[in-house]
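Each chain is listed here by its residues.
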Amino acid sequence: MLEAVPIEYFLYLCTLLFVIGVFGVLTRRNAIVVLMCIELMLNAVNLLLAAFSTYLSDAQGQILVFFIMVVAAAEAAVGLGILVMIYRNTKSTDISLLDQLRN
Amino acid sequence: MKALLILFATAIIVLFAGLSHKRQRMLPLALGGVLVALGVTLSDLLMGDSTGWNDMYSSMFLFDNYALAFGAVALLTTALIFGLSGWGFRQLSETLGDNYGLLLFSICGALVMFSFTNVIMLFLGIEILSIPLYVLAGSRRDDLASNEAALKYFLMGSFATGILLFGITLVYGCCGTFDLQGIASAVQSGRATGPMFHAGVLLIVAGLSFKVSAVPFHFWAPDVYTGSPNMVTAFMATVVKTAAFAAFYRLFSTAFVDLSAVWGVAIAGIAALTMTLANTTALFQQDFKRMMAYSSISHAGYLLLAILVAGKTGAANAILLYTLAYSIATVCAFAVYMTVAEQNGDGSFSAFNGLSKKDPLLAAVMAISILSLAGIPPTVGFFGKYFLFTAAFEAYPWLIVLAVINSAISIYYYFKVIIAMYFTSDENAYTVTVPAAFRWVMLAGVLLIGLLTVSPDSILGLIR
C-alpha cells in the first residue's frame, strides 16, 4: 500500500512542511506561533524519517522518530515555561517587544 | 563512560540535595562530582582503561582518546567555573540545587557530543547540552534581559535542531544508516551521492554553525551572552563552544571526510565571514561582556579552519589545544569581570579604569588572560593559533592570511581593557574585594596558562 506511493512524493511533502515551518519561525511575531512552527519543522522531519524507514526497510529511522518526539516534548515544556515567565513580566507573548539587548 | 555515569549520578543527587536547603553542602557535592569525573577521565586518558567500560555500547558512543581528551578539557573548565559559583550564585536561594543540577546535566550532554559514533547520539547530546541551558539562561526570572536571552536561545536553538535533523534525515535517506562508519563507507562506495545527499550535508553544516555561533548564524549569540547571568555566560562561552566544535570535528572527520568538495567551500566561506564580521563588530563594543561575545564568535571562525582540514594529522590536537587555552583564559577573564562588574554595577570598559592600582594581582590575571585570548606570543593562545593556522595553511593559504589580519584587528579591542586597567586614571570611587575562591580559581587558571605556555607539546600528543 505504502510502497505504491513513490518516495519522492514524501520528500516533496515533507520539504514543503519544513519550509512552511522555517518561514513561520522567521516571520511570525507571536512566540506561541513560532513554537508551533518549530514543532511543524520537527514533525516534517518525523514524517520523512518514517517514510525513509519504510522505504529502506530499516527500523533505525523509526527509532529516531521516537527520540525526536521525546525531545520535542521536553523542548515544548521548557519553551512554554520560558513563555509563561515572560508573560508574567511583560503581559505579552510578542517577541518583537523583547529587543532590550540589541543596543 | 565512567565520567558520564558519575556526573549523571551527581546531578541527580545535587538536584535532590537542593530540596534540603543546606546551601553550604551543595558546592562541595557538585564540585566533588566534577573533580572525581575529571580524575577518572584523566587516568583513562593517560594510563589507558582496562575495565572495558569505555567501549560499552560502542555502536552508539565510544570513549576513545579523542572523547577523553575533550572530556578532560570540558570537566577542567567546569571545575574552574564551579570554583567561581560559591560567590557567583550568592543571590540564589531555593533554586541553587537546580542550577548546579542543570549545569551537571548539561556537561553529560557535552560528554555524549565528544564520544558519539552514531548521528542519533549527536542529536541527543546536543539536546541534553542545550535544554538545561535554555532554563539556565532565564534563571534570573524577574530580569527582562535574562528572559529575553532565554527565549532567544531557546527559539534559535530549537530552530537549529530542526535544520540539523532535516539534514540528518536526508543523509539517512541516502545512506540507510545513522552510523558514522556506515555513512563514511556509503560515501566511499559511491552509494551516497546526488543533490539530496549534498543538501543534507549542507543542512547539517548550517545546523551545527548555529550551535557554534558562526556568521551568518551567529545573531543570537551576543544577545544571549549579554542577557544571561554571568556564570551561565562563562559556561556557554567555554564548555558549550568546546562541545560544539568537538562534535562538529568528530562528525566531519569520520562520516564526511571524503566529501570536502561539497562542504569545503561552504565552511571556508563561513569561516572567512565569521572572522571578519565578528572582529570588526567587536571593535565598536563598549560593554565587556558583549565584546567577549563577539570575541567568542571570532574564535569560532579560527576554529572552523581546523574543521576544513578534518581528518588531517594534527588538526584534532590543534582544536584541543586551542579550546583548552581559550576556555581557561575566558574563565579567568570572566572571574575578573564578575568581581569588578558585580561590585561596581557597570560592565563597560571604563569600569576597569585604574584597576592596576586598586588590585595589581586582579589586573595581572586579566592582562594574562587577555594576552592569551589575543594570541600574543609567548602565551599559550599564540601556540593555539599557530598550530591551528599551520594545520590549515597548505590547503587554504588565503584563509590563513585573512585569519592573521583578523588576529591583528582583534588586538585593538582586547587592548582596550589593558589600556583601561594600566594607563587610564582612576575615576571610580568603588573598592574591589576579591572573594577567596576567586583567588584560587585565578591562581589555578594562571598556573595552567603558564604550564601550557612552557610546554604546549604535552597537549599535542594526546589524540592519536
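(A) Spatial organisation of the overall build of chain B. Along its length, chain B carries 19 helices and zero strands. Expected size for 464 residues packed as a compact globule is a radius of gyration near 23 Å; at 21 Å, chain B falls within 12% of this value. A principal-axis box enclosing the C-alpha atoms of chain B has dimensions of 70 × 55 × 45 Å. Across the 464 residues of chain B, 62% fall into the buried class.

(B) Here's a closer look at the overall build of chain A. A tally of regular secondary structure across chain A gives three helices and zero strands. Across chain A, helices and strands are ordered from the amino to the carboxyl terminus as α-α-α. Against the globule reference of 13 Å for 103 residues, chain A gives a C-alpha radius of gyration of 17 Å, more extended than a compact globule. In terms of principal-axis extent, the alpha carbons of chain A reach across some 50 × 25 × 25 Å. Going through the 103 residues of chain A one by one, you find that 34% of them count as buried. Considering only intrachain contacts with a sequence separation of at least 6, the fraction spanning at least 24 residues in chain A is 44%.

(C) Broad picture of helix α18 (residues 436–454) of chain B. All names here are of chain B. Here α18 contains 19 residues, and its C-alpha end-to-end distance of 27 Å stays within 8% of the 27 Å for a straight helix at 1.5 Å per residue. Inspection of α18 places F438, V441, M442, G445, L448, I449 and L452 among the buried residues, and these make up the whole buried set. Down the axis of α18, the smallest arc covering the buried residues is 125°, so these residues share one side. α18 presents A436, L447, G450, L451 and V454 as exposed residues on the side facing more than 90 degrees away from its buried surface. Here the buried face of α18 lies against α3 (65–88), α13 (315–344), α15 (360–374), α16 (380–393) and α19 (457–460).

(D) Summary view of the nonpolar core. All names here are of chain B. With 226 residues, the main nonpolar core has M113, A243, L305, A306 and L320 as its most contacted residues. Broken down by element, the residue count for this core peaks at 21 residues, all from α13. Ignoring anything within four residues of it in the chain, the contact list for A306 reads Y249, A315, A318, I319, L388, A391 and A392.

(E) Region of interest: the packing of helix α3 (residues 60–90) of chain A against helix α6 (residues 144–175) of chain B. It is at 10 Å that the axes of α3(A) and α6(B) come closest, and there the two elements cross at 165°. Overall, the two elements α3(A) and α6(B) adopt an arrangement that is roughly antiparallel. Of the two possible hands of crossing, α3(A) and α6(B) adopt the one that is left-handed. Across the interface between the two elements, G61(A), I68(A), E75(A), V78(A), G79(A), I82(A), M85(A), I86(A) and N89(A) from α3(A) touch L144(B), N147(B), A150(B), L151(B), F154(B), S158(B), L165(B) and Y172(B) from α6(B). Here the residues of the contact of α3(A) with α6(B) are counted per class, giving 11 nonpolar, five polar and one charged.

(F) Spotlight on the environment of A282(B). All names here are of chain B. Checked against the element boundaries, A282 lands in helix α11 (residues 260–282). We classify A282 as buried; it has 24 C-beta atoms within 10 Å. It is 44 Å that separates the C-alpha atoms of A282 and G176, two residues lying 106 residues apart in sequence. Setting aside anything within four residues of it in sequence, one finds A282 in contact with M291, Y294, S295, S298 and Y413.

(G) Highlighting the confidence of the model for chain B. Residues and elements named next belong to chain B. Per-residue pLDDT for chain B has a mean of 92; in total, 100% of the residues score no lower than 70. Across chain B, helix α5 (residues 119–137) holds the top mean pLDDT of 96, while α19 sits lowest at 86. Here the predicted complex scores 0.95 on pTM and 0.95 on ipTM.

(H) Representation of the interface of chain A and chain B in the model. Contact residues are listed per partner, giving 33 residues for chain A and 31 residues for chain B. Elements with a minimum of two residues in the side of chain A that touches chain B: α1 (7–27), α2 (31–56) and α3 of chain A. Per-element accounting of the side of chain A that touches chain B gives the leading share, 14 residues, to α3(A). Its residues placed into classes, the side of chain A that touches chain B shows 24 nonpolar, six polar and three charged.

(I) Summary view of the packing of α16(B) against helix α17 (residues 397–423) of chain B. Residue and element names in this part refer to chain B. Between α16 and α17, whose axes approach to 8 Å, the crossing angle comes to 160°. Between α16 and α17, the angle falls in the class roughly antiparallel. Judged by the twist between their axes, the crossing of α16 over α17 is left-handed. Contact residues: α16 offers K385, F389, A392 and F393, while α17 offers P397, L399, I400, A403 and S407. Across the contact of α16 with α17, the residue classes break down as seven nonpolar, one polar and one charged.

(J) Spotlight on unusual backbone geometry. Across the junction of V215(B) and P216(B), the peptide omega takes the value 5°, indicating a cis bond. One can find P216(B) in the loop between α8 (195–211) and α9 (220–227). Residue K91(A) is not a glycine yet carries a positive backbone phi of 55°. Even without being glycine, S213(B) reaches a positive phi, approximately 50°.

(K) Region of the structure containing helix α1 (residues 2–17) of chain B. With 16 residues, α1(B) ought to run about 22 Å at 1.5 Å a step, and its terminal C-alpha atoms sit 22 Å apart, in line with that. On its buried face, α1(B) sits against α2 (23–47), α3 and α4 (96–115) of chain B.

(L) Spotlight on the environment of A74(B). All names here are of chain B. On the secondary structure map, A74 appears in helix α3. Placed 250 residues apart in sequence, A74 and L324 show a C-alpha to C-alpha distance of 8.3 Å. What A74 contacts, discounting residues up to four positions off in sequence, is I107, A110, V239, T242 and A243.

(M) Representation of the environment of F245(B) in the model. Among the secondary structure elements, F245(B) is positioned in helix α10 (residues 230–254). If sequence neighbours within four positions are ignored, F245(B) has contacts with V212(B), L303(B), I319(B) and T323(B).

Rules and cut-offs
- Residues numbered from 1 in each chain as written.
- Chains lettered and ligands numbered in written order.
- Predicted model: local features only at pLDDT ≥ 70, side-chain atom pairs only at ≥ 80, totals over all residues.
- Helix = DSSP H or I, 4+ residues; strand = E, 2+ residues; numbered from the N terminus.
- Rg over C-alpha atoms; globule rule 2.2 N^0.38 Å.
- Buried ≥ 20, exposed ≤ 12 C-beta atoms within 10 Å, placed from the backbone.
- Contact = placed C-beta atoms within 7 Å.
- Expected span 1.5 Å × (residues − 1).
- Arc of directions from axis to C-beta.
- Core = buried A, V, L, I, M, F, W, Y, C linked by C-beta atoms within 7 Å.
- Axes fitted to C-alpha atoms, helices over the stretch in contact; angles between N-to-C directions.
- Parallel < 35°, antiparallel > 145°, perpendicular 65-115°, else oblique.
- Left-handed = near helix turned anticlockwise from the far one by under 90°.
- Nonpolar A, V, L, I, M, F, W, Y, C, P; charged D, E, K, R; others polar.
- pLDDT = per-residue confidence, 0-100.

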